[in-house]
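Examination of the molecular architecture
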Amino acid sequence: MLIKNAMVQGKQADVRIEKGVIAEIAPAIKELTGEEVLDACGKTLLPAFVDMHVHLRDPGLTYKEDIASGSRAAVAGGFSAVACMPNTSPVNDCAAITSYIKMRGKEVGLTKVYPVGCISKGMKGEELAGIGGMQAAGAVAVSDDGKPVENANLMRHAMEYASDFDMPVLSHCEDKPLAEGGSVNEGYYSTLTGLKGIPAASEEVMVAREILLAQTLGLSVHLCHISTKGSVELIRHAKAQGVRVTAETCPHYFAADDSWVEGFDTNTKMNPPLRSKEDVAAIIRGIQDGTIDAIVTDHAPHHQDDKLVEYHLAAFGISGLETSFALCYTYLVKTGLITLERLSELMTKNPAEILRIPYGRLEAGAVADLVLIDESAEWQVDKNAFFSKGKNTPFHGKTLTGKVYATVVEGEIKYQNGKITEGAK
Amino acid sequence: MKHLLGLKDVSRDEIMEIMQTASKMKALLLRDEKKLNDLEGKTVVTLFYENSTRTRVSFELAAKYMSASTVHVASASSSVQKGETLLDTGRTLDVMRTDVIVMRHPMAGAPHLLSQHVKASVINAGDGMNEHPTQALLDLFTLYEKYGSFEGLKVAIVGDIAHSRVAKSNVFGLNKLGAQAVLFAPKTLMPPCFEQLGAKVAASREEAISGADAVMGLRIQLERQKGGLFPSLGEYARFYGVGEEQMKLAAPHAILMHPGPVNRGVELSSQVIDAEYSKIDEQVLNGVAVRMALLYLLTRN
């Protein structure tokens, strides 16, 4: 395949792909007879994105999302790889479930699906799950996402044991008793709405715990969906001390804030909650100075029935795969806060390296996981146009800049201009 | 005004219109023949997902005195127990051509959600820790009767602010009317950022009450003790309760209010509850008048 007229690192270039690998990047490559050609018309070529934190709801909760619909959403969002969290039904705490997810991902054949296994059996926070067995079946990391490991000793053992397998441990940082019953950020807006608050400290005490464990043990830990100023400061300090900690955040923690909850729109309910403007500023600084390594979606699709209820009863989470790049581009790149190159690191290189999985690079010999971006496109978010089953987004109707035009996974066009380009099952 | 969801979204002029209408309603209420025809042919449903005696009876009597048909739906006996969603219940009431739904619900924002999906007018009779606008309106009306205006009044609100939708609705209302709400609560029962809503947060019970034109106690719920928010009712009464000693600090003409039901000897001493300056019974009567005024104003178009 030949990609013609792409902007590659600021220069117009053609890219030839052979057997899923980039064969050549040059100013002008002559097309061969019968060769598939993708005319980029001057759009920007980047390594396809890697989302290390999604929920595909499969097995068991497929009325919310399944691996096929989630994969479609992923390629529409420019992602060649996603790592899916284990809070399915049943939870992914053993090789059989891991194998199913892996196999189903391959069968669908759009984005590369990397399962994340549980830290503990049944995600109960009591005994370690079969981490080695899950890795052998295709898991790339472990996490008790959504049900954080409360017992510090178990977390310690998880970090120790997982390190024998070079398996990253991803921690959803939340002290459950501090957050109990809460649904929005604790502060002015929790008082204004009467919705119970989740204090920043509920995240930060666990961030501090994981950092101290990693420091004491000399092991690494990855911190999920960081949302507060205090967390950013703790992580910044830890990194300066040489602690092996990495961290991710999500677009909604810099593109929205807790004032959005005022009208009781349940699409603004997520965990961690939308935080204050001060936290948003700190997250952006953390992205700029490298304290935050990765931007993930925490794609959490839900059925309308899970959201069209009282705020307190509504499910946490938003559908994020199909708005992620545009939110990052609009709020970080277009505003001049970071460069597109830095965004590419945050959305591709860093998350892939944290998970030790392959990712696209713009050089000969690299796997052809690529995304074409229309940097000048302005478009309005329409939840009804999502490929995801989850239409739960607080960004519906927002005008954003920057659009994914096409996604290439291992040399095959999986998405182009609004259409999934092969028959996904 | 189509719905009454909270005093956050009600203007000063609207509040004053409610006060003036309530004055007329109270005069009618005090006659022997308590019957008006304004709501004849209208239906008022009280949809209560939380237990209540006084608010529910107050609404029901207000509606009956105005000749409306009333139906009470309590969560324990309703299809809620069968797993029906709030919106489906709302739709059912709508289809039966209900004109006004008075709803009490344990979760903040529930009336807002309902109001977006029904044709009926929705009156919030208390939603979680958010608002209880009709209680605040009857508190305001009690002040209005005593003082004739709100400008410059100091109203001390003492007790469990965190779980009190009453305190918050009063803060919104008092602020719009030019009065000053001064709050005091144990730190465990004081939510953050209340100053930003227009209230003053006092550092002590004495500071809150000193010179106040009205002192409002708030009910403390026993289960808060189990939640670790204060050590015992005795300790609460001693350090956070209002008794005669505290009332001496208030202005000489000050009145005492409480949304009820009162825990005697906990948030208020029996002496102050039964004192001459106590308006607790008057508040209950005023509640009916204010709710009659609201039903009239919401259904007149």
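Residues numbered from 1 in each chain as written. Chains lettered and ligands numbered in written order. Predicted model: local features only at pLDDT ≥ 70, side-chain atom pairs only at ≥ 80, totals over all residues. Heavy atoms only, no water.

This part is about the overall build of chain A. Across its full length, chain A holds 13 helices and 19 strands. Its C-alpha radius of gyration of 21 Å places chain A within 12% of the 22 Å reference for a compact globule of 425 residues. The principal-axis extent of the C-alpha atoms belonging to chain A is close to 65 × 45 × 45 Å. Here chain A holds 425 residues, and the buried ones make up 62% of them. Restricting the contact set of chain A to residue pairs at least 6 apart, pairs at least 24 apart contribute 74%. Counting only carbon and sulfur atoms, one obtains 50% of the accessible surface of chain A, whose full area is about 15,000 Å². Chain A carries 42 positive and 55 negative side-chain charges, and their two centres are separated by 2 Å. (Helix = DSSP H or I, 4+ residues; strand = E, 2+ residues; numbered from the N terminus. Rg over C-alpha atoms; globule rule 2.2 N^0.38 Å. Buried < 20%, exposed > 50% of the residue type's maximum accessible area, 1.4 Å probe, protein only. Contact = heavy atoms within 4.5 Å. Areas by Shrake-Rupley, 256 points an atom, 1.4 Å probe, with all protein chains shown as cover. Lys, Arg positive; Asp, Glu negative; His and termini not counted. Charge placed at Lys NZ, Arg CZ, Asp CG, Glu CD.)

Another aspect to go through is the interface of chain B and chain A. Taken together, the contact pairs 22 residues of chain B with 18 residues of chain A. Approximately 1,500 Å² of surface area, both sides summed, lies buried where chain B meets chain A, with 69% of it carried by carbon and sulfur atoms. A salt bridge links A:Glu262 to B:Lys8; the nearest nitrogen and oxygen atoms lie 3.0 Å apart. For the pair chain B and chain A, the number of links is five residue pairs in polar contact (both at pLDDT 80 or more). Contributing elements (two or more residues each) for the side of chain B that touches chain A: α3 (86–95), α4 (110–115) and α6 (165–176) of chain B. Counting residues per element, the side of chain B that touches chain A draws most heavily on α4(B), at three residues. Residue composition of the side of chain B that touches chain A, grouped by class: 13 nonpolar, seven polar and two charged. (Buried area = accessible area lost by both parts, 1.4 Å probe. Salt bridge = Lys/Arg side-chain N within 4 Å of Asp/Glu carboxyl O. Polar contact = N/O pair within 3.5 Å; in protein donor to acceptor, adjacent residues only side chain to side chain. Nonpolar A, V, L, I, M, F, W, Y, C, P; charged D, E, K, R; others polar.)

Attention shifts here to the domain arrangement of chain B. Residues and elements named next belong to chain B. Domain annotation for chain B reports domain 1 (7–131 + 284–299) and domain 2 (133–279). The centre of domain 1, based on its C-alpha atoms, is set 25 Å off from the matching centre of domain 2. Listed per partner, the contact involves 31 residues of domain 1 and 24 residues of domain 2. Here domain 1 and domain 2 share two salt bridges between them. (Domains from an automatic or database assignment.)

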